[in-house]
Amino acid sequence: MLVSVLSKFSACIGGLALCISLQAQVYTPTPANLEARKTFQDNKYGLFIHWGLSSMLGDGEWVMNNRNIKVEDYKRLLPAFYPAQFDADKWVQTAKNAGMKYIVFITRHHDGFSNWDTKQSDWKITNTPFKRDVLKELAAACKKEGIKLGLYYSTLDWYRDDYPHETGRTGQGTGRTGKGNYASYLQFMKNQLTELLTNYGEIMSIWFDGHWDQTNPEGAHDRSSRIDWRYEEIYGLIHSLQPQCMIGNNHHLTPLPGEDFQMFERDLPGENKSGLSFQEASQEVPLETCETINGAWGYNITDRKYKTVSQVIQLLVGAAGRNANLLLNVGPMPNGQIQPEFTDTLAAAGKWLEKYGETIYGTRGGPIAPQPWGVSTQKGRKIYLHVFKQPYGNMILLPGFKEKVKQVQVFINRQPVKFKQQAEGLILQTEGILFDSADEVIEIELR
Ligand code: JFZ
């Protein structure tokens with residue numbers, strides 16, 4: 001009797017636990033969050049900004065790890081940081097001129113340095129001689145100009161002892177002797193995130209990075225994490241503070257419960273050129289590709305691998321054609337300025353967008369999968385073919401194209417394009433069309 005009561009009792013407890021853990025797996029985004037996702041997809045194009053103490057060393061944001069700089073030595077950067085030319089309005093203007101609609105700023109990268117006046121640590125920008133809370137200034141400048149603001153936040157830390165560094169894949173050479181303590185580190189992160197989501201107005205997104213430090217490298221069969229990050233708690237906190245705030249995590253995995261967009265690093269969704277993106281593109285949440293404008297995220301003084309204007313345009317369009325946003329990165333100089341090689345290219349691509357923006361903003365990936373000649377986007381009854389190079393044989397075949405076509409035109413000058421609808425698909429005659437732009441757009445209007 002007692003046995004059966006006990007077993008019933010434990011079955012009940014077991015059921016409850018199962019119920020609670022299932023609950024934790026279920027995430028229902030609020031209407032405001034769903035709305036924010038749409039706006040995000042409509043906006044298409046953002047500026048990523050990697051900047052902080054590491055910029056001073058001119059060797060990328062991984063310099064602390066790569067050169068095994070000890071925390072004690074790296075600390076000397078703090079009293080030396082004085083970005084005299086920092087001007088949040090200029091950064092925002094750079095994004096605007098580029099045709100970008102949002103900025104994602106590094107609030108805290110792997111070196112653990114906080115780019116805002118956090119109360120949780122002394123390792124912060126307001127303790128440099130510069131003293132200013134650059135995030136406050138950037139948030140104000142963005143608000144003034146109608147640019148949305150997302151925040152990059154590293155869950156990996158090469159500086160703090162309480163980060164579980166013993167099991168980390170990186171940061172082993174920074175001389176830490178204290179023991180990792182995730183409970184303490186988690187509380188620290190939650191306190192910081194609370195500040196970020198309370199004191200800086202509406203935050204478009206939190207862009208997490210660092211998960212992979214606790215897993216085998218990309219492409220490995222087992223990508224399980226050596227620590228339990230307790231994302232339900234972190235994500236729950238964010239969504240309770242700002243329900244519309246979109247959470248993304250650069251773990252290079254299928255999105256986890258609570259995440260609102262999926263990111264691809266140096267890759268367009270479906271490609272895996274960088275070897276960092278083995279994950280499949282989600283059909284559920286918005287997608288975003290991040291890329292560098294040269295070869296580096298944080299300022300690298302010798303990096304001259306500048307992308308051309310055409311490359312930037314084709315990257316953006318290539319992302320749009322795969323239903324993804326492009327988050328294009330610059331690493332400003334230690335003085336706070338974005339170098340002219342970057343601003344010039346961004347502005348020139350922005351000029352292209354002034355003319356062709358209608359075929360990018362507010363669109364979704366089109367019905368024609370990426371082709372050797374380019375990609376397609378769609379908005380309502382209009383399909384835009386983005387042609388990167390002169391089509392072979394002066395014709396484009398869209399196999400299996402069934403929908404009835406009203407008219408086809410060259411987007412920029414309304415020059416009519418001859419077309420035939422046949423059993424094998426839609427055939428466009430491109431003879432006489434000048435393909436001299438990085439991307440010539442042909443508009444197909446459906447009936
Ligand atoms: C990460 C960061 O480490 C990098 O500094 C930058 O912020 C970028 C946007 O995101 O990039 C990664 C992520 C994973 C690995 C390497 C770089 N990895 O697994 O080796």
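This one's a predicted model, so the numbers in the text were calculated from it and none came from an experiment.

### Remarks on the overall build of the protein
In terms of helices and strands, the protein carries ten helices and 16 strands. Its C-alpha radius of gyration of 24 Å places the protein within 12% of the 22 Å reference for a compact globule of 447 residues. Overall size of the protein, expressed as C-alpha extent along the three principal axes, is 75 × 75 × 40 Å. Within the protein, the proportion of its 447 residues that are buried is 44%. Contacts in the protein between residues at least 24 apart in sequence constitute 71% of all its contacts with a sequence separation of at least 6.

### Remarks on the sheet that holds strand E13 (residues 405-410)
Taken together, the five strands give an open sheet; going across it, the order is E9-E10-E11-E16-E13, and neighbouring strands pair in antiparallel fashion. Each having just a single partner strand, strand E9 (364-365) and E13 make up the two edges of the open sheet. Pairing of E13 with strand E16 (residues 440-446), which is carried by five bridges, proceeds in the antiparallel orientation. Counterpart to Val-408 in the pairing with E16 is Ile-444.

### Focus: the domain arrangement of the protein
As far as domains go, the protein holds domain 1 (29-362) and domain 2 (374-446). Taking only C-alpha atoms into account, the centre of domain 1 sits 37 Å from that of domain 2. Each partner contributes to the interface: domain 1 provides 15 residues, whereas domain 2 provides twelve residues. Going through the elements one at a time, helix H9 (309-321) and helix H10 (340-356) are the ones with two or more residues in the side of domain 1 that touches domain 2. Split into classes, the residues belonging to the side of domain 1 that touches domain 2 amount to seven nonpolar, six polar and two charged.

### Side note on the packing of helix H7 (residues 182-196) against helix H8 (residues 231-241)
It is the contact of H7 with H8, at a shortest axis distance of 10 Å, that shows an interaxial angle of 20°. For the element pair H7 / H8, the angle class is roughly parallel. Handedness of the H7/H8 crossing: right-handed. When H7 is examined against H8, the residues Met-189, Lys-190, Leu-193 and Thr-194 are found in contact with a partner set consisting of Ile-234, Leu-237, Ile-238 and Leu-241.

### Thoughts on the site of the ligand
Taken together, Glu-61, Trp-62, Asp-209, Trp-212, Pro-217, Glu-218, Asn-250, Glu-265, Cys-290 and Trp-297 form the complete shell of residues around the ligand. Along the lines of polarity and charge, the residues of the shell around the ligand split into five nonpolar, one polar and four charged.

### Some details on the environment of Gly-248
Take Gly-248: it is sitting in strand E5 (residues 246-249). Residues Gly-248 and Asn-335, spaced 87 residues apart in sequence, show a C-alpha to C-alpha distance of 30 Å. With residues near it in sequence (within four places) discarded, Gly-248 still touches Ser-205, Trp-207, Phe-208, Glu-259, Asp-260, Phe-261, Gln-262, Met-263 and Glu-288.

### Here's the deal with H7
In this model H7 runs 21 Å from its N-terminal to its C-terminal C-alpha over 15 residues, within 8% of the 21 Å that 1.5 Å per residue would give. When H7 is considered as a whole, its buried residues turn out to be Met-189, Leu-193 and Leu-196. An end-on view of H7 places all buried positions within 55° of arc, on one side of the element. Against the buried residues of H7 lie strand E2 (102-108), strand E3 (148-154) and H8.

### Some points on unusual backbone geometry
Of note, the phi angle at Arg-230 is positive, near 55°, even though the residue is not glycine. Relative to the elements of secondary structure, Arg-230 occurs in the loop between strand E4 (205-209) and H8. Here Arg-414, not a glycine, exhibits a phi torsion of approximately 60°, which is positive. Along the chain, the position of Arg-414 falls in the loop between E13 and strand E14 (419-422). Take Arg-414: there are 9 C-beta atoms within 10 Å of it, and that puts it in the exposed class.

### Concerning the pairing of strand E15 (residues 425-429)
With five bridges connecting them, strand E12 (residues 395-399) and E15 associate as antiparallel partners. Looking at E15, one finds that Met-395 is bridged to Gln-429. The sheet contact formed by E14 and E15 spans four bridges and is antiparallel. Bridging from a neighbouring strand, Gln-421 pairs with Leu-426 of E15. Hairpin connection, E14 to E15: the antiparallel pair is bridged by two residues.

### Here's the deal with the nonpolar core
Core analysis: the biggest nonpolar cluster contains 91 residues, and Ile-103, Phe-105, Leu-138 and Leu-149 have the highest contact counts within it. Mapping this core onto the domain boundaries places at least three of its residues in each of domain 1 (29-362) and domain 2 (374-446). Excluding residues within four positions of it along the chain, Phe-105 makes contact with Ile-49, Leu-135, Leu-138, Leu-149, Leu-151 and Tyr-152. Counting ten residues, the second largest nonpolar core, distinct from the first, contains Val-63, Met-64, Tyr-74 and Leu-77.

Conventions adopted
- Residues numbered from 1 in each chain as written.
- Predicted model: local features only at pLDDT ≥ 70, side-chain atom pairs only at ≥ 80, totals over all residues.
- Helix = DSSP H or I, 4+ residues; strand = E, 2+ residues; numbered from the N terminus.
- Rg over C-alpha atoms; globule rule 2.2 N^0.38 Å.
- Buried ≥ 20, exposed ≤ 12 C-beta atoms within 10 Å, placed from the backbone.
- Contact = placed C-beta atoms within 7 Å.
- Pairing = 2+ DSSP bridges.
- Domains from an automatic or database assignment.
- Nonpolar A, V, L, I, M, F, W, Y, C, P; charged D, E, K, R; others polar.
- Axes fitted to C-alpha atoms, helices over the stretch in contact; angles between N-to-C directions.
- Parallel < 35°, antiparallel > 145°, perpendicular 65-115°, else oblique.
- Left-handed = near helix turned anticlockwise from the far one by under 90°.
- Near = placed C-beta within 6 Å.
- Expected span 1.5 Å × (residues − 1).
- Arc of directions from axis to C-beta.
- Core = buried A, V, L, I, M, F, W, Y, C linked by C-beta atoms within 7 Å.

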